[in-house]
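# Structural characterization, general
Next come the chains, spelled out residue by residue.
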Amino acid sequence: MRAEAQNTAERIRKSLKLLGQRLDRETADHRLEEFDARVENPDLWNDPAAAQKLMRERQALVDAIGTHDGIAQELEDQIELIELGEAEGDDEVVAEAEAALKSLAEKAAAKEIEALLDGEADSNDTFLEVNAGAGGTESCDWASMLARMYVRWAESKGYDVELQARSDGEEAGIKSATYKITGHNAYGWLKSESGVHRLVRISPYDSSARRHTSFSSVWVYPVVDDNIEIEVNPADIRLDTYRSSGAGGQHVNTTDSAVRITHIPTGIVVTSSEKSQHQNRDIAMKALKSRLYQMELDRRTASIQEAHEAKGEAGWGNQIRSYVLQPYQMVKDLRTNFETSDTQGVLDGDLDGLMGATLALEVSGKSRSEAQAE
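Attention in this report is confined to the structure presented alongside it. The structure presented is a predicted model; accordingly, all values stated were derived computationally and were not measured.

Before going further, it helps to examine the packing of aromatic side chains. Centre distance and the angle of the planes are the two values used to describe a pair of aromatic rings. As enumerated under the stated definition, the model contains four aromatic pairs in all. Pairing tryptophan 153 with tyrosine 159 gives two aromatic rings, centres 5.8 Å apart and planes at 70°, and the pair type is edge-to-face. Overall, tryptophan 153 belongs to the buried group, its relative accessible area being 0%. Since its relative accessible area comes to 10%, tyrosine 159 is described here as buried. Through successive ring pairs, a cluster of aromatic residues spans Phe127, Trp219 and Tyr221.

Okay, here's the thing in structure tokens:
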């Protein structure tokens, strides 16, 4: 093989080594057999929540095995094609196999980063909050664009997205929105998105077509597993109910069913505005426990983002990422210097490159090179 193809194959083998280490490939088949035995237990669904968790864990293992073995098999297949094409002097076969090898290297690198999601809560579901910064309609519209971006990203991953609470802007967009995103590694992928996001564009709300800068903040925290105990002193919380907005017309909700819980020691505020007040209290308490758990994780692991109470205002000097639509097209992450000119793709949910660059810097205290060296 040519040197370039050999280098590409070697990169794939390094990614496979890391994938195998994280998966513990030697014991994976045995662990899958254990999962299958538990799934066949007729009493499994007596506890639906535990059963669903077990099924997700099993599927994650199946996917990890399939990813590792699939990449390994395709690597051997493409190397064999290259060698065959070279032996027969078929340049077209060689070119096609080398192109496939490059695509495989990109896939393996992406899976390698995903395999680094081994933090304590990385595999958990997650809550995601988007809040408009100062700036009125402009910031509210930007917050709405961010919310759409993350929903599109989550849906592209096959994650379930559930709107927990929403406060509309006075003229357009949203003041805030909270989503629960359910899927394997949802928190691990999204946790690096916490921070202030800056938009520069020609304002559609400015009759003079001037350029405006808007800020919105994003806050991500994991859904707490049932087996994690979080103590909340009832004396430390204040519970308020208020009228939630309905669909309008005859279906408008006229009961004070929405719930707001304030955790007095930390100042954390969580809300839920479903139809049932009992449901809202349950959702809000889970969200509060998740926020408190996130703060503890941040203290213990010195994670990429600062804890909630240390976050700066959504404004100049605090942003983690800039989205420039005018006078040029560029999205740039200020922590990693990763940038792309495909602004529309990013706003449509193509975030893997941005997220991957941050994850490669620091995931569970390991850089990518350190993880590969293990």
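Okay, back to it.
Time to look at the sheet that holds strand 8 (residues 268–272). Read from one edge to the other, the open sheet built from three strands follows the order 6-7-8, with strand pairing classed as antiparallel. For this open sheet the edge positions go to strand 6 (237–242) and strand 8, each flanked by a neighbour on one side alone. With strand direction ignored, the average angle separating the axes of adjacent strands in the sheet is 15°. Direction of pairing for strand 6 relative to strand 7 (residues 258–263): antiparallel, over a ladder of six bridges. What sits directly across from threonine 241, in strand 7, is valine 259.

Take a negative patch on the surface next. Together, Glu76, Asp77, Glu80, Glu83 and Glu86 make up a negatively charged patch on the protein surface. With respect to the helices and strands, the residue glutamate 76 is situated in helix 3 (residues 48–88).

Relative to the 21 Å expected for 15 residues at 1.5 Å per residue, helix 2 (residues 25–39) spans 21 Å between its end C-alpha atoms, a close match to the ideal helical length. Regarding helix 2, the residues found buried are Ala28, Leu32 and Phe35. Projected down its long axis, helix 2 shows its buried positions confined to an angular sector of 60°, all on one face. Those residues of helix 2 that are exposed and angled more than 90 degrees off the buried face are Glu26 and Glu33. Turning to helix 2, the residues buried within the fold contact helix 1 (3–23) and helix 3.

Reading the values: rules and limits
Residues numbered from 1 in each chain as written. Predicted model: local features only at pLDDT ≥ 70, side-chain atom pairs only at ≥ 80, totals over all residues. Heavy atoms only, no water. Phe/Tyr/Trp six-rings, centres within 6.5 Å; stacked < 30°, edge-to-face > 60°. Buried < 20%, exposed > 50% of the residue type's maximum accessible area, 1.4 Å probe, protein only. Pairing = 2+ DSSP bridges. Helix = DSSP H or I, 4+ residues; strand = E, 2+ residues; numbered from the N terminus. Axes fitted to C-alpha atoms, helices over the stretch in contact; angles between N-to-C directions. Patch = residues over 30% accessible without salt bridge, like charges linked within 9 Å, V, L, I, M, F, W, Y side chains within 5 Å. Areas by Shrake-Rupley, 256 points an atom, 1.4 Å probe, with all protein chains shown as cover. Salt bridge = Lys/Arg side-chain N within 4 Å of Asp/Glu carboxyl O. Lys, Arg positive; Asp, Glu negative; His and termini not counted. Charge placed at Lys NZ, Arg CZ, Asp CG, Glu CD. Expected span 1.5 Å × (residues − 1). Arc of directions from axis to C-beta. Contact = heavy atoms within 4.5 Å.

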